[in-house]
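What the coordinates show
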Amino acid sequence: MKNTAIFLGLALLISCSKQTSKNETAHQSTEKDYTQFVNPFIGTSKMGHVFPGATAPFGMVQLSPQTNFEIMFKEDGSYNSKTYEYCAGYQYQDSTILGFAHTNLSGTGHSDLGDFLVMPTTGDLELEPLENKEGNKGFYSTFSHKTEEASPGYYKVDLDSYKIKAELTASERVGFHQYTFPKSDDAHIILDMLYNVYHHDNKNVWTFIRVENDSLITGYRQTKGWARDKKVFFAMHFSKPFKSYGHKKYDEIKYDGFYRRFNQEENFPEMAGKDIRAYFNFDTEEGEKINIKFALSSVSSAGALKNLKAEIPHWDFNKTREETKKKWNDELSKIEVTTINEGDKINFYTALYHTNLSPILYEDVDGQYRGLDQNIHTSDGFTNYTVFSLWDTYRALHPLFNITQPDRNNDMIKSMLAHQDQSVHGMLPIWSHYANENWCMIGYHATSVIADAMAKDVGDFDRDRALRASVSTANVRYFDGLGDYIDFKYVPDDKNHSSVSITLEYAYNDWCIAQMANHVDDTKINKEFAERSEYYKNVFDPKSGYMRPRLSDGNFRSNFDPMDTHGQGFIEGNAWNYGLYVPQNVDQMVKMMGGKERLTQHLDSLFTMDIDEKYIAQHEDITRDGIIGNYVHGNEPGHHIPYLYNWTGHPEKTQERVRMIMNSMYAPTVEGLCGNDDAGQMSAWYVFSALGFYPVTPGSPSYALGSPLVKEAIIHLNNGKTLTILANNQSKENIYVKSVSVNGKRIKGTTLMHDDIMNGGRIVFEMDNSPK
């Protein structure tokens, strides 16, 4: 990133973080506001796919501006690639706002949600968001980034088209809007039930609104998108009675029974249809504020009302804003860092912020939630969570939780086990959200999350039950080539997509199951899955030196290009980078690939070679922004690769690469994420690497040492202990680690153990400007 871009990013942060009130954190006797170091706009341009709006840590509500509306399919039925830009509903380069939606995914490469868009307007009522049939302006507003602010739990912007100031905050289950209006006899608040992220013509299944009284609205929406049967209920409470209301339907009404007797479009207290936009009219005085509390539930509108009354029983917007800011400070203050410069501190705390956005809370205040079976359940002994982007987050996010959020991670695992109980397939989640399995990506990486927690003695979840759930998942033969994997001991390329990637990931997942079995002393399962964990060897071609697609007749596929990311047996990668995925046995992989020096040469080339555009052109998730040579940091499969030099006898090269990646692929600017943040994984990589270590093999209690970016970090552990990480002689030039000691004892090798962290004390890195 250029220095000018970093300077602009710092200037943006200052303009976006004007709040100066201080809160006492959970870990400090002195007051310090860590939210001042978070810039929610980092990654909102191009590929980051994060949202800048208001949310509480792990909150069910993500109340955020939506800046454009791109339908998922073109008129000819082909995919509209512009949709991809709006996975979080927001792109920084836009100058329009369509409204504020209550649900948004953070950093994903496919998307959904965007539920319940709210937009305040004045003047003639307009119900089309972009432009009407006459070609005139829709209800969107222009805005300027000069009047836009964001910090954890708060968002503000001036809607220039209407001279309305919009402010947003949120508790866990309730979004809180505050709109300051000009004087008007024609003020409106639009509730757009048609708007969706990743919208298509048949996405809405049904929408329903009840006008309970002159200030309370309830209802729900059912959609068929990435989650094919998603139901979200709401309660919407205005601080001021509306004078009139109405709605417009956008779907063809084929049968409406005896409801045809009524004029349903105006002042009729029931609104029902597939695609609806409702409006509520007000008279306003100059500077008058209209507040809205908007609660969500997966269960019912009654559940949403319970959430509303429990979490925000008042109308004090600033009180909720400060309460949520306090919650954020409690989370952010778990790691206190001193950095080389201010930009690094902003990058660190923004990354830590992003790791606390999901998975999200998914139950009402009474513990009720909608399960995968679409029935209503009550959590017993845990808090239920959803949004499990496991192909991404098993790598570093959940391992980070085992240090910073062990209680939550325990609840998340129990949520996964509840999912498996409710699954008609008997499977743990693959990629699940909002009581739906969406089957995205490959592998069964809930096993990794569970094994990692077991290895690190996290949580009180039932270990035997977790093992049974994992074994059940790993034997569903109709899932993604799994039957062929079991029969052939690899996934045949002529029978399945992404055959090499799937084989490699299944083998790692099976190693995780073997580790679980070892923990509960089940020797039979341990033996079975330890054998399956070596199936990666069956897709390694010793002649070419690459992991390679293999056919069902046992032969390796002849038409093979190790540089190509299209149709070569790999998903979002190629043989050069994805072929380096054997985290369960890196030493064996090094031997297979020709030994330490040969693999060192391969890694050197990987980071310095050029990859032709034709090899990556067909992938949305791989762009030049996140590529160094043929190493793709902008996508997850290679996140462990910089640390592999530790296994080839060249830890200094790990140190070089890690520091280079942190300095070039992350920046305190709107383009400061080089790829999708993927529900916090990209940010978790940064948090770990900045602290000086990384979990190359989740499921084991070890971490690979790197080169810390911080000068000092104080981690306040859940067990009451404190760990101080100190990088002596730290500077921009001093990227090499001469030695590492734990509580005065020098580490031999390049491995840090989980107990070294959880026991507290001091980890000291001695830094230098040349390799030792």
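In this report, the structure presented in the accompanying data block is examined. (Residues numbered from 1 in each chain as written. Predicted model: local features only at pLDDT ≥ 70, side-chain atom pairs only at ≥ 80, totals over all residues. Heavy atoms only, no water.)

1. Overview of helix α14 (residues 596-608)
- In this model α14 runs 18 Å from its N-terminal to its C-terminal C-alpha over 13 residues, within 8% of the 18 Å that 1.5 Å per residue would give.
- Where α14 is concerned, the buried positions are Leu 599, Thr 600, His 602, Leu 603, Leu 606 and Phe 607. For α14, the angular spread of buried residues about the axis comes to 160°, placing them on one side. (Helix = DSSP H or I, 4+ residues; strand = E, 2+ residues; numbered from the N terminus. Expected span 1.5 Å × (residues − 1). Buried < 20%, exposed > 50% of the residue type's maximum accessible area, 1.4 Å probe, protein only. Arc of directions from axis to C-beta.)

2. Remarks on the nonpolar core
- Core analysis: the biggest nonpolar cluster contains 221 residues, and Phe 100, Leu 191, Phe 234, Met 236, Phe 348, Met 547 and Phe 693 have the highest contact counts within it.
- Per element, the largest residue contribution to this core is 12 residues, and it comes from helix α11 (residues 499-519).
- Counting nine residues, the second largest nonpolar core, distinct from the first, contains Tyr 154, Ala 304, Leu 308 and Phe 317. (Core = buried A, V, L, I, M, F, W, Y, C linked by side-chain atoms within 4.5 Å.)

3. Quick notes on the pairing of strand β9 (residues 174-180)
- For β9, the tally of buried residues reaches seven of seven residues, placing the bulk of the element in the interior.
- Here β9 shows a buried face lined by Val 174, Phe 176, Gln 178 and Thr 180 and a second buried face lined by Gly 175, His 177 and Tyr 179.
- Hairpin connection, strand β8 (residues 164-170) to β9: the antiparallel pair is bridged by three residues. (Pairing = 2+ DSSP bridges.)

4. A closer look at the sheet that holds strand β24 (residues 431-433)
- The strand order β23-β24-β25 describes an open sheet built from three strands, whose pairing is antiparallel. Across the chains shown, the open sheet's two edge strands, defined by having one partner strand only, are β23 (388-389) and β25 (436-437).
- Strand direction decides the pairing type here: β24 and β25, joined by two bridges, are antiparallel. Considered in β25, the bridge of His 433 is made with Asn 436.

5. Comments concerning the sheet that holds strand β30 (residues 693-694)
- On the basis of which strands lie adjacent, the open sheet formed by three strands has the order β30-β31-β36 and antiparallel pairing. Edge positions in the sheet fall to β30 and β36 (751-753), since each has one partner strand and no second.
- Pairing between strand β31 (residues 702-705) and β36: three bridges, direction antiparallel. Note on β36: the bridge partner recorded for Ser 702 is Met 753.

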